[in-house]
Amino acid sequence: MKKRKHETLFLVILHALLFRRRKQRIHRFLTLASALFAAILCLILFFSPPIHQNHLINPISFINGTGFRMNLQKEHIFRVPMGGGSLSGDVWISKQSKFYHGCSDSSNSFPTAEVNTHPNRYLMIATSGGLNQQRTGIVDAVVAAHILNAILVVPKLDQKSYWKDSSNFSEIFDVDWFISRISKDVKIIRDLPRIGDKIITPYTTRVPRKCNAKCYQTRILPILKKKHAVQLTKFDYRLSNRLTTDMQKLRCRVNYHALKFTDPITEMGRKLVERIRMKSRHFVALHLRFEPDMLAFSGCYYGGGDKERKELGKIRKRWKTLHARNPDKERRNGKCPLTPEEIGLMLRALGFGNDVHIYVASGEIYGGEETLAPLKALFPNFYSKDTIASKEELAPFSSFSSRMAALDFMVCDESDVFVSNNNGNMARMLAGRRRYFDHKPTIRPNAKKLNNLLLHRNNMTWEEFASQIRTSQIGFMGEPMEVKPGRGEFHENPTACICADSEMDSGAATISGMGEASDGQVGEEDQEWSDTEYTENELEIR
C-alpha cells in the first residue's frame, strides 16, 4: 500500500515538472513572438509616410487591428506625386483671352467736366476700411461727384479703423496723376477752398449702401445746393452696381487708369516682381487670407480645440453685430477659407507641379510656420515680401499696412496666375483688373464643392482626387465667359468695360450672353437694405 502511494506521488511530481517546462517554453515563445511583432510594427511605422494632424487615425483603430490596417492602406492610396503633372493645354493662360480687351472710353454724349460741373458745389468723402475697400470708395466718389455736378475734393483715407494706418491719399496714390487723368470727366481739387474770408464747413452725412443716381439726386443734391459742401462718411460700396454704361466706364477709367501708386511703392513692387522673374519665367501669386482676423470673422473652425475657439472668439468680439455661426454649415456652404495645405493640394491637382514658384501675399498666418509647412512641402519655391526683400528695403513700408498691401497688390497683379482664397476686397479688385487687362488667369476655389473632396481625400487615389478637383473648378478659372454680366460686384466683374474683338463677335461690343459660374454669388436685386450695418462690419475686416 505504501509502495503504491509513493509511486502515485512520484508520477504527480513528474507531471508537474513536465508541465512547468512546457509552460516556460510557451512563455518564451510568446515573448519572442511579441518582440518580433513589435519590431515589424515599428518598421512599418518608420517607413510609412508622415501622418499629418488632419489625417490622425482614430484611437479606436489601435484597439481594432482590422481598422488600423484599413486606415494605413488609405494613407498609401492618397499619395501626391512629386512632379504634379500638367493639364492639357497651358496652365498659364486663359482660353480665348486674346479675343477680349478693356474698353472704357466715354461715348460722345457723355458730358465733360467743363459742361457738367456747377461752381460752389463741393463733394468730400471719407473712405472706410483697408486699402482695397478704400479704393472702391475713391472710384465711386468720382462717379458720385459727376452725378451731383460737383467738384470732388481729394478723398480722405481711413486712419482710425482696425489697420490704424496714418497714410494720406498722396502717400499711397500719385495725386497729380489722379487729378489730371480725370480732369475731362470730373474736376478734382486738393483741399476745400474759402469763399471770401470764410472757411466752408461741410455738412456731414451718409448715403445708404447701393445708392443709385436717383438716390444721390434725391438725398444729397438738395443739401449740396443749400450748404455748398457735403462730406459723405463711411464711403464704401455706397454706389449701385446698376448704372448707365457711361457711368460704369467712368468707374473703369478711375480704377484702371487714374489710380496709380506713388513712385516709392511702384519701384519696390517692380523690384519684388523682377526678383521672382529672375528665378522663374512664370509664377503664381496666392492671396492666402488665413490671418487670425479673417478666420475669426468667418466663424469657421480648423480643429485647434479650445485654444483656437478662445483666441478667435476674443477677436470676433470686435464686431458686435456678427451673428453666431455654425462652423460645419459655413464650411459646407463654401464660406470658409481653405487651409494653406488645401490650397496647395488644389493647385497640384490643377496641374501646377512642385517646381512652380509661388508668391504668398498675406499678413500674419494663424498658426505660423506650422500652418504653412504643408504648403511649403508641396511648393518648395515659396516666397513672400519678407523673403525676397531685406528689412532695410521694406522699412519705409513696414509700419503702414496700406503700403504693405499695395506691394502685395502689385505682385499679385503682375503674376501669371492669381489665386484668391477669399472673395474679399483685394481678391475682387484684382479679379476685375486682370479681366480688364488681357484676362490673365484668376483662380477662385469653388469651396462649396471642394469641401467634401478635401474631407474625404484619403478614401480615393490621387488620380481620382485630381480629376474631381478639375471638374469642380470649371467656371472658377478666370476664363472670359465664366460670369454673367451683372453678377457679383462691378469691381470684380466690370463687363461694361470689356469688349469682344471682331474675330469673336461683330464689332467691339460689350460682352453679353456669357455663361455663369454657379458659385452662390448674389446679384444686387437679392441684396437686402435692412442688413446695411451688418454688411459694413463684414466689409471692414476684408
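A quick note: this is a predicted structure, and the numbers were derived from the prediction, not measured.

**Here's the deal with the overall build of the chain**
Assigned secondary structure in the chain consists of 23 helices and 14 strands. Split into buried and exposed, the 542 residues of the chain put 51% on the buried side. Sequence separation of at least 24 residues holds for 80% of the intrachain contacts in the chain that already meet a minimum separation of 6.

**Thoughts on the sheet that holds strand β9 (residues 284-287)**
One open sheet accounts for five strands, arranged β11-β10-β9-β12-β13; its pairing is parallel. Because the sheet does not close on itself, it has two edges, and the strands there are β11 (382-383) and β13 (442-443). Judged from the four bridges that link them, β9 and strand β12 (residues 417-420) form a sheet pairing that is parallel. The residue bridging L286 from the neighbouring strand is V419, located in β12. Sitting on the sheet, helix α20 (residues 425-436) is in contact with β9, β10 (358-361), β12 and β13, with an inclination near 150° to β12.

**Re the environment of T218**
Tracing the backbone through its elements, the reader meets T218 in helix α8 (residues 213-219). Separated by 2.8 Å, the side chain of T218 and the backbone oxygen of K214 make a polar contact.

**Details of the state of the cysteines**
Here the structure, examined in full by the defined rule, presents four disulfides. Two residues share a disulfide in this structure: C103 and C499, whose sulfurs sit 1.9 Å from each other. On the sign convention where negative means left-handed, the S-S torsion of about 80° between C103 and C499 marks this disulfide as right-handed. In this pair, C103 is assigned in the loop between β1 (100-102) and α4 (113-116) and C499 in strand β14 (residues 498-500), connecting sequence segments 396 residues apart. Of the two residues, C103 and C499, neither departs from the other in class, the shared state being buried. At a sulfur-sulfur separation of 2.0 Å, the disulfide partner of C252 is C497. One quick way to see it: the torsion about the S-S bond of C252 and C497 is about 95°, and its sign makes the bridge right-handed. Taken as a pair, C252 in helix α10 (residues 245-258) and C497 in the loop between α22 (462-472) and β14 lie far apart in primary sequence, 245 residues in all. In this pair, the class of C252 matches that of C497, namely buried. Taken in sequence order, the bonded cysteines of the chain link in the pattern 1-8, 2-3, 4-7, 5-6.

**Some words on the pairing of strand β2 (residues 122-125)**
Of the two faces of β2, the one carrying Y122 and M124 and the one carrying L123 and I125 are both buried. As paired elements, β2 and strand β3 (residues 151-153) share two bridges and run parallel to each other. Counterpart to Y122 in the pairing with β3 is I151. Viewed along the sheet, the connection from β2 through helix α5 (residues 131-147) into β3 turns out right-handed. Judged from the four bridges that link them, β2 and strand β8 (residues 229-232) form a sheet pairing that is parallel. Bridging across to β8, M124 finds its partner in Q231.

**Focus on α22**
All of the buried residues in α22 are W462, F465, A466, I469 and S472. The arc enclosing the buried residues of α22, seen along the axis, measures out at 125°, which places them on a common side. Turned more than 90 degrees away from the buried face of α22 sit E463 and T471, all of them exposed.

**What about the sheet that holds strand β4 (residues 188-189)?**
Overall, parallel pairing links the five strands, which are arranged β4-β3-β2-β8-β7 in an open sheet. Edge positions in the sheet fall to β4 and β7 (203-205), since each of these pairs with one other strand and no more. In this fold α5 packs onto β2 and β3, with an angle of close to 165° to the strand it touches most, β2.

**Remarks on the environment of A361**
Locating A361 in the fold gives a position in strand β10. Among all residues touching A361, those that are not within four sequence positions of it are L286, H287, L288, D408, C412 and M426.

**Topic: the packing of helix α7 (residues 175-182) against α10**
Contact pair α7 / α10: the axes reach a minimum separation of 10 Å and the direction vectors enclose 145°. When you trace α7 past α10, the crossing you get is right-handed. On α10, the residues that touch W177, F178, R181 and I182 of α7 are R253, V254, H257 and A258. Residue composition of the contact of α7 with α10, grouped by class: five nonpolar, one polar and two charged.

Definitions and cut-offs
Residues numbered from 1 in each chain as written. Predicted model: local features only at pLDDT ≥ 70, side-chain atom pairs only at ≥ 80, totals over all residues. Heavy atoms only, no water. Helix = DSSP H or I, 4+ residues; strand = E, 2+ residues; numbered from the N terminus. Buried < 20%, exposed > 50% of the residue type's maximum accessible area, 1.4 Å probe, protein only. Contact = heavy atoms within 4.5 Å. Pairing = 2+ DSSP bridges. Axes fitted to C-alpha atoms, helices over the stretch in contact; angles between N-to-C directions. Polar contact = N/O pair within 3.5 Å; in protein donor to acceptor, adjacent residues only side chain to side chain. Disulfide = S-S within 2.5 Å. Right-handed = clockwise from strand over helix to strand, strands pointing away. Arc of directions from axis to C-beta. Left-handed = near helix turned anticlockwise from the far one by under 90°. Nonpolar A, V, L, I, M, F, W, Y, C, P; charged D, E, K, R; others polar.

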